[in-house]
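# Structural characterization, general
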Amino acid sequence: IVVNDNTQISKDIANYFMKKHSPDGTKENSEVKLCSLTTIPLPGSGSVTADLEGIKIYSEVLSKIIIPVHGCIEEFKKNGQEINYIVTTKGIPFYIGSRSMSIDTRLAFADDTTSTTGIEDSANLLFPLHLEKHRFSHEEFARYLVTRLDGYTFDVIKGLIDRAAAPAKIGEGTIIFYDATIA
């Protein structure tokens, strides 16, 4: 889980998420690995406006988010831990530049720390598990699955985490997909 140490809500989300993914309910024994970023100064301390503003310059995204997250992943791998998923939190900006690419999309390719413009080949953006029926692995697909824990309030985000821990059975519940590009 990627947390912006400069925003309290980001730290609160990470702590709650880690406790929920622990056999004994403590953050210390969580199966979730924490990647704290201290280099992301955000006006508004995790406000929706600040998150939507993003980081304007790609080199800042690379130096303040992508390279540090890649470093966290490498440390976890040295300890024999497999990382397939990256979870970002409220307080991590959404976009790079003028919404040309989301930071979450760029994190899917966190192993590429040399690109100066982002993802060079847009064909790489195609989702590799479309219509597949087997588990995802970073090793097989050379990317990470990235998701975001975000909402207007901490209670809303806690609700997302709690409901994910006890999902509905097949045929129950509602799934909503939102595409902000559709007018």
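Everything below is about the structure shown above.
All values reported here derive from a predicted model rather than from experimental measurement.

## Quick look at helix H3 (residues 58–78)
Between its terminal C-alpha atoms H3 stretches 28 Å, which fits the 30 Å expected from 21 residues at 1.5 Å a residue. Residue isoleucine 66 marks the point of greatest curvature in H3, where the axis turns by about 30°; the proline proline 68 follows within four residues. Among the residues making up H3, those that are buried are Tyr58, Val61, Leu62, Ile65, Ile66, Val69, His70, Cys72, Ile73 and Phe76. Looking at the buried positions of H3, the neighbouring elements they touch are strand S1 (2–4), strand S2 (35–37), strand S3 (85–89), strand S4 (95–96) and helix H4 (103–107). Glycine 80 sits one or two positions beyond H3 and adopts a positive phi of about 80°.

## Some details on helix H6 (residues 154–165)
Relative to the 16 Å expected for 12 residues at 1.5 Å per residue, H6 spans 17 Å between its end C-alpha atoms, a close match to the ideal helical length. Turning to H6, its buried residues are Ile157, Gly159 and Ile161. On its buried face, H6 sits against helix H1 (8–20) and strand S6 (145–149).

## Observations regarding the pattern of salt bridges
Across all of its chains, the model carries six salt bridges by this definition. Ionic pairing is found between aspartate 162 and lysine 20, a salt bridge with its closest N-O pair at 3.3 Å. Taken as a pair, aspartate 162 in helix H6 and lysine 20 in helix H1 lie far apart in primary sequence, 142 residues in all. Lysine 77 is paired through a salt bridge with glutamate 74; the nearest N and O atoms lie 3.8 Å apart. Of this pair, lysine 77 and glutamate 74 both sit in helix H3, three residues apart, roughly one helical turn. The partly exposed category is assigned to lysine 77, whose relative accessible area is 32%. Given a relative accessible area of 30%, glutamate 74 falls into the partly exposed group. Put simply, Lys90, Asp104, Arg148 and Asp150 are held in one network by salt bridges that share partners.

What counts as what
Residues numbered from 1 in each chain as written. Predicted model: local features only at pLDDT ≥ 70, side-chain atom pairs only at ≥ 80, totals over all residues. Heavy atoms only, no water. Helix = DSSP H or I, 4+ residues; strand = E, 2+ residues; numbered from the N terminus. Expected span 1.5 Å × (residues − 1). Bend = angle between axes of the 7 residues up to and from the residue. Buried < 20%, exposed > 50% of the residue type's maximum accessible area, 1.4 Å probe, protein only. Contact = heavy atoms within 4.5 Å. Salt bridge = Lys/Arg side-chain N within 4 Å of Asp/Glu carboxyl O.

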